[in-house]
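What follows is the residue order along each chain.
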Amino acid sequence: MPIPRFMRRIALTFGLLVFLLLPASAAASQLIARDAKDVTLQVNARGQALIGYHAKGRRWTVLAWGAINARHPAPDRPQVAFRVDYSGGRGTYRKTLSRGFAGVCRPYAGPALQWFVTGCTMPDGSHWALQAWQRGLPNLGLDPWRPLQASWELRLSRWNGELPKLELWTNWAYRQRFDHLFGRLTYLGQPVYGFLSSAKGAPADGFGRNVYVDTYNSAYGPGWRRENSFLSHRGTGVFCYGFYPHDPYPGYPAVGRRPAGKGERYRATVVGPGVLPDVTWEGAAPGAYDAGVDRQLADAQRALYGSDTRCKPV
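Fair warning: this is a prediction, and the values are worked out from it, not measured in the lab.

### A short note on the state of the cysteines
Put plainly, two cysteines are in a disulfide when a covalent bond ties their sulfur atoms together.
Consideration 1: For the coordinates displayed, the defined rule picks out 2 disulfides.
Consideration 2: Each disulfide pairs two cysteine sulfurs, and for Cys105 the partner residue is Cys120, the sulfurs being separated by 2.1 Å. On the S-S bond that ties Cys105 to Cys120, the torsion sits near 90 degrees, and the link is right-handed. Residue Cys105 is located in the loop between helix H2 (90-93) and strand E7 (106-107), and its partner Cys120 is located in strand E8 (residues 116-121); the two are separated by 15 residues in the primary sequence. Per residue, the accessibility class of Cys105 equals that of Cys120, and both read buried.
Consideration 3: A sulfur-sulfur distance of 2.0 Å marks the disulfide that ties Cys240 to Cys311. Between Cys240 and Cys311, the disulfide has an S-S torsion of -100 degrees and is therefore left-handed.

Set out below in structure tokens:
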């Protein structure tokens, strides 16, 4: 039987509202937009953030609320996540909130953040921030070959208290031949990790986190290039990585074996757990081999890894 016209209109309206009013698809500093310009942020006394920006040839207004900080990993409960209304309030209140929105958030007074776009501090001392960086760059120093890979992701966070802690050290691997790094990701002294991931190492739950490593002035060329990305380990938040030659991954252009991405400096960025900000580490390459320093760092690796056998001192 044909569907009456008014029923089709109801279905279409319902589908539009579902699209406009969405919970966060992944618990993290929330992805709001890509390649956004002229970004603004207001927050009212109810803890609702109104984000404005230009993208895709028009002005957008997005409403976000309902989360702060992060939960420690737990398999029986979800990570905290924003609710996001991409209609600027129409999906929630049947009207847009851009006119007459009573913002109470003051100039940002929180800790310095890498990739900072804008932010503000509430009267209660909590913070909101928007950061933008190129999370999707291809690994192994390759130039993007798809538009999405080159996009700048605009990500929203809200927190009070401490930030996640990303700790890294650099040393050498395989008899001084290659640079190597090791570290851990923690929040409030507890490891940050997930329970599920894809075969390619992408987090498949709200808790897992990839560490995105960049190399500066390397065999790939001048400036910063994405070296690789990998998960912090389940149960420990530990990770390790060697700058070795690699064959291109499945789905990558056929460019032949890639050289070791040894650079002058290294940088690592992690999407914040829960709705915490994204955090970054940057440091110099280990430089000329030093046997005494290498022994000390081997001891540091053993202490850091503990019972985690997926990383071994090198």
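### Focus on the packing of aromatic side chains
Consideration 1: Tallying each qualifying case throughout the model produces 20 aromatic pairs.
Consideration 2: Consider the rings of Trp172 and Tyr289, whose centres lie 5.1 Å apart with planes at 70 degrees: the pair is edge-to-face. Taken together, the residues span a long stretch of sequence, with Trp172 in strand E11 (residues 165-173) and Tyr289 in the loop between strand E18 (279-284) and helix H4 (291-305) at a distance of 117 residues.
Consideration 3: On the basis of relative accessible area, Trp172 is assigned to the buried category, the value being 5%.
Consideration 4: Ring geometry for Tyr193 versus Phe195: centroids 5.6 Å apart, planes at 70 degrees, classification edge-to-face.
Consideration 5: Ring pairing ties together the aromatic residues Phe230, Phe239, Tyr241, Phe243 and Tyr266, which thus form one cluster.
Consideration 6: When the ring centre of Trp60 is taken as reference, the NZ or CZ atom of Arg58 above it lies at 3.6 Å.
Consideration 7: Here Arg267 stacks its cationic end above the ring of Trp224, 4.2 Å away from the centre of that ring.

### So, the side chain of Ser29
Consideration 1: Within the secondary structure, Ser29 sits in the loop between strand E1 (21-23) and strand E2 (30-34).
Consideration 2: Here Ser29 is in contact with Arg155, Leu156, Ser157, Val271, Gly272, Gly274, Val275, Leu276 and Asp278, once residues within four sequence places are set aside.

### Quick look at the pairing of E11
Consideration 1: By the criterion of burial, E11 is predominantly enclosed, with 7 of the 9 residues buried.
Consideration 2: Of the pairings in the sheet, the one linking E11 to strand E12 (residues 178-187) comprises 9 bridges and is antiparallel in character. Its bridge partner lying in E12, Ala173 is registered against Phe178.
Consideration 3: Counted along the chain from E11 to the antiparallel partner E12, the turn is 4 residues long, and its residue Tyr174 has a positive phi close to 50 degrees.

### Quick notes on the pairing of strand E5 (residues 58-65)
Consideration 1: Two elements, strand E4 (residues 49-55) and E5, share 7 bridges in a ladder whose sense is antiparallel. Each residue of the ladder has a partner; that of Gly52, found in E5, is Thr61.
Consideration 2: As consecutive antiparallel partners, E4 and E5 are separated by 2 residues, and within that stretch Lys56 has a phi angle of approximately 55 degrees, a positive value.
Consideration 3: Two elements, E5 and strand E6 (residues 83-85), share 3 bridges in a ladder whose sense is antiparallel.

### Some thoughts on unusual backbone geometry
Consideration 1: Despite not being glycine, Asn69 shows a phi value in the positive range, around 60 degrees.
Consideration 2: Here Asn69 lies in the loop between E5 and E6.
Consideration 3: The class for Asn69 is buried, based on a relative accessible area of 13%.
Consideration 4: Positive phi is not limited to glycine here, since Leu140 has a value of about 65 degrees.
Consideration 5: If you trace the backbone, Leu140 turns up in the loop between strand E9 (127-133) and helix H3 (147-150).
Consideration 6: Classification of Leu140 as buried rests on a relative accessible area of 0%.

### As for the pattern of salt bridges
Any two side chains of opposite charge can pair if their charged atoms end up close together.
Consideration 1: For the structure on display, the rule yields 13 salt bridges.
Consideration 2: Between Glu153 and Arg135 there is a salt bridge, and its shortest N-O distance comes to 2.9 Å. Note that Glu153 is positioned in strand E10 (residues 153-159) and Arg135 in the loop between E9 and H3, a separation of 18 residues in sequence.
Consideration 3: Here Glu282 ties to Arg265 by a salt bridge, and the two come within 3.0 Å at their closest N and O atoms. With Glu282 in strand E18 and Arg265 in strand E17 (residues 265-270), this pair connects stretches of sequence that are 17 residues apart.
Consideration 4: One continuous salt-bridge network, built from bridges that share partners, spans Arg34, Arg135, Glu153, Arg155 and Asp278.

### Focus on the nonpolar core
Consideration 1: By size, the foremost hydrophobic cluster in this structure holds 25 residues, and its most contacted members are Leu41, Ile51, Tyr53, Trp128 and Leu156.
Consideration 2: Elements with a contribution of two residues or more to this core: E2, strand E3 (37-43), E4, E5, E9 and E10.
Consideration 3: The biggest single contributor to this core is E4, with 4 residues.
Consideration 4: The next biggest cluster of nonpolar side chains, apart from the first, holds 23 residues, and it includes Leu168, Leu185, Val270 and Trp281.

What counts, and at which threshold
Residues numbered from 1 in each chain as written. Predicted model: local features only at pLDDT ≥ 70, side-chain atom pairs only at ≥ 80, totals over all residues. Heavy atoms only, no water. Disulfide = S-S within 2.5 Å. Helix = DSSP H or I, 4+ residues; strand = E, 2+ residues; numbered from the N terminus. Buried < 20%, exposed > 50% of the residue type's maximum accessible area, 1.4 Å probe, protein only. Phe/Tyr/Trp six-rings, centres within 6.5 Å; stacked < 30°, edge-to-face > 60°. Lys NZ or Arg CZ within 6 Å of the ring centre and 35° of its normal. Contact = heavy atoms within 4.5 Å. Pairing = 2+ DSSP bridges. Salt bridge = Lys/Arg side-chain N within 4 Å of Asp/Glu carboxyl O. Core = buried A, V, L, I, M, F, W, Y, C linked by side-chain atoms within 4.5 Å.

These results come straight from atomic positions and should not be treated as a statement about function.
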